[in-house]
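Close look at the chain arrangement
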Amino acid sequence: MASSQAILIEYASGQCAAIAFAHMEEVLDAPALIHVPLAPSHCDTLVEWHGDWIPMFDLGIWCGSQEQNAKRFCVVVSYRQNRDTPRLYGSLRSVSFPRIVEIDDSAAAPLPDPRWNGFARACFRDGDQVVPVPDLPALFETPDRQAAPVAGGDISIESLEENLA
Amino acid sequence: MTYPLRPETTPGYVAARLDDTTLLIDLLAVPNIMNDADTVQHNGRKVLRRNGRDLEPVPLAGSMQSFANGRRTQIMVVADKTGEFALSCDDIRVLPAAKLNVQPLPRCMGGPESLFVGMAMIDETIAFLCNAEELGTITRHLWEQEHGKLTSNPD
């Protein structure tokens, strides 16, 4: 059975999302931040990274978490909208330092919340946690007005290996 | 939302600092930059006299959701489809478009409440590009919630 490595990002206490190893660029500890007035609360901060300012997405707020924990880590991620388009960068806020897990297709699980429909490429179980794999282009390239939760079924998960590639 | 992000569409930008936030506005939407000394007292309010109208400078806070308390001495007059409005600012600079590299704001930062469409570095500061119409809408709405109609009527 195929297995893959994923990086777990704890976006709220005890709640994680995973990204493929290849999508992680860097983990920043307490980076310089700039608040963007009137931006959606889950994405109202720019992070300085190698002289550029990239958006910081707070999955905890996006998922409705009310906790006020300091999220000192910031995981810089890269993605492409298509194979032929340039690499783009964003970042995900994390409560703790990211950790690596090994998973295989037998861990595939339904999404924990309909909010993730259209914003996740896969989902798996890690111990007693259900861990979505965010679709980074959808997350970073969708204005908030289009990011309303979608009621309905779960995404089809053919292969975790494929979606963590 | 469309807005000129290419330097060739505008000769320059006005960078206006409100607290910790620097706004960037198309120079063509700013008919004048004035200061506190240009104001007069009228009906107990401090106003600018422009083209036979009184224009009341609004001390919009950097959060864009309230008003600043501190004293500001510079005033930017902005024209939109409704007319003109004035913002009191901490600092105002006029910069040629060719000197600025204006980038679109990340798409995930857009939303129903969003005001900004782009951003540019000015020295060590990020300035946020907005258009006059939306800035005018927010300014009038906030002011009228707290103080009644914004003074910009003919005498």
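See the structure above.
Not measured: the values here are computed from a predicted model.

1. As for the sheet that holds strand β3 (residues 32–35) of chain B
The pairing of strands in a sheet happens through backbone hydrogen bonds and is either parallel or antiparallel. All names here are of chain B. Ordered by their spatial adjacency, four strands build an open sheet running β3-β8-β9-β7, and the pairing between neighbours is mixed. The sheet is open, and its two edges are formed by β3 and β7 (57–58), each paired on a single side. In this structure, strand β8 (residues 74–80) lies alongside strand β9 (residues 83–89), joined through seven bridges in antiparallel fashion. Paired with Gln-74 across the bridge in β9 is Cys-89. Most of the contacts of helix α1 (residues 132–147) go to β9, to which it runs at about 75°, and overall it touches β7, β8 and β9.

2. A few points about the interface of chain B and chain A
Of the residues lining the interface, 22 residues belong to chain B; the matching set on chain A comes to 21 residues. Taking both sides of the interface into account, the surface hidden between chain B and chain A amounts to around 1700 Å²; carbon and sulfur atoms contribute 71%. On the chain B side of the interface with chain A, the three residues burying the most area are B:Arg107, B:Cys108 and B:Met109, jointly 40% of the side's total. There are zero salt bridges connecting chain B and chain A. The tally of links from chain B across to chain A stands at two residue pairs in polar contact (both at pLDDT 80 or more). Residue assignment for the side of chain B that touches chain A shows that the elements contributing at least two residues are β12 (116–122) and β13 (125–130) of chain B. Considering each element in turn, the side of chain B that touches chain A owes the most residues, three residues, to β12(B). In terms of residue class, the side of chain B that touches chain A is built from 13 nonpolar, seven polar and two charged.

3. A word on α1(B)
Each α-helix turn comprises 3.6 residues. Residues three or four places apart therefore point the same way. Residues and elements named next belong to chain B. The end-to-end C-alpha separation of α1 is 21 Å, in line with the 22 Å expected for 16 residues at 1.5 Å each. Of the residues making up α1, those classed as buried are Ala-132, Leu-135, Gly-136, Ile-138, Thr-139, Arg-140, Leu-142 and Trp-143. At the N-terminal boundary of α1, the capping side chain belongs to Asn-131, with an oxygen 3.1 Å from the backbone nitrogen of Glu-133. Trailing α1 by a residue or two, Gly-148 shows a phi angle of about 85°, which is positive.

4. Let's talk about the pattern of salt bridges
Residue and element names in this part refer to chain B. Under the counting rule described, the total for this entry stands at 11 salt bridges over all chains. A salt bridge links Asp-54 to Arg-49, with the nearest nitrogen and oxygen atoms 2.8 Å apart. The shortest N-O distance in the salt bridge between Arg-50 and Glu-84 comes to 2.8 Å. With Arg-50 in strand β5 (residues 45–50) and Glu-84 in strand β9, the pair connects residues that are 34 residues apart, well separated along the chain. We classify Glu-84 as partly exposed; its relative accessible area is 22%. Connected through salt bridges with shared partners, the residues Asp-19, Arg-72 and Asp-90 form a single ionic network.

5. Details of unusual backbone geometry
Residues apart from glycine generally show negative phi values, whereas peptide bonds are mostly found in trans. Backbone geometry at A:Leu38 places phi at a positive 70°, although glycine is not the residue there. Locating A:Leu38 in the fold gives a position in the loop between β4 (33–35) and β5 (45–49). Here B:Met64, not a glycine, exhibits a phi torsion of approximately 65°, which is positive. Checked against the element boundaries, B:Met64 lands in the loop between β7 and β8. Classification of B:Met64 by relative accessible area gives buried; the value is 2%.

6. As for the pairing of strand β7 (residues 73–79) of chain A
All names here are of chain A. For β7, the tally of buried residues reaches seven of seven residues, placing the bulk of the element in the interior. On β7, burial covers both faces: Phe-73, Val-75, Val-77 and Tyr-79 on one face and Cys-74, Val-76 and Ser-78 on the other are all buried. By the bridge criterion, seven bridges tie β7 to strand β8 (residues 88–94) in an arrangement that is antiparallel. From the neighbouring strand, Tyr-79 faces β8, where its bridge partner is Leu-88.

7. Observations regarding the side chain of B:Asp80
Residues and elements named next belong to chain B. Inspection of the secondary structure puts Asp-80 in strand β8. A polar atom in the side chain of Asp-80 sits 3.1 Å from the backbone nitrogen of Thr-82. Among the polar contacts made by the side chain of Asp-80, one reaches the side chain of Arg-140 at a distance of 2.8 Å. Contact partners of Asp-80, with chain neighbours within four places excluded, come to Phe-85, Ala-132, Glu-133, Gly-136 and Arg-140.

8. What to know about the sheet that holds β8(A)
Residue and element names in this part refer to chain A. Strands sit in the order β3-β7-β8-β6-β5-β4 across an open sheet of six strands; the sheet is mixed. Because the sheet does not close on itself, it has two edges, and the strands there are β3 (24–29) and β4. Between one strand axis and the next, the sheet turns by 35° as a mean value, whatever way the strands run. Bridge count for β3 against β7 is five bridges, and the pairing is antiparallel. Following the sheet pairing, Glu-26 is matched in β7 by Val-76.

Rules and cut-offs
Residues numbered from 1 in each chain as written. Chains lettered and ligands numbered in written order. Predicted model: local features only at pLDDT ≥ 70, side-chain atom pairs only at ≥ 80, totals over all residues. Heavy atoms only, no water. Pairing = 2+ DSSP bridges. Helix = DSSP H or I, 4+ residues; strand = E, 2+ residues; numbered from the N terminus. Contact = heavy atoms within 4.5 Å. Axes fitted to C-alpha atoms, helices over the stretch in contact; angles between N-to-C directions. Buried area = accessible area lost by both parts, 1.4 Å probe. Salt bridge = Lys/Arg side-chain N within 4 Å of Asp/Glu carboxyl O. Polar contact = N/O pair within 3.5 Å; in protein donor to acceptor, adjacent residues only side chain to side chain. Nonpolar A, V, L, I, M, F, W, Y, C, P; charged D, E, K, R; others polar. Expected span 1.5 Å × (residues − 1). Buried < 20%, exposed > 50% of the residue type's maximum accessible area, 1.4 Å probe, protein only.

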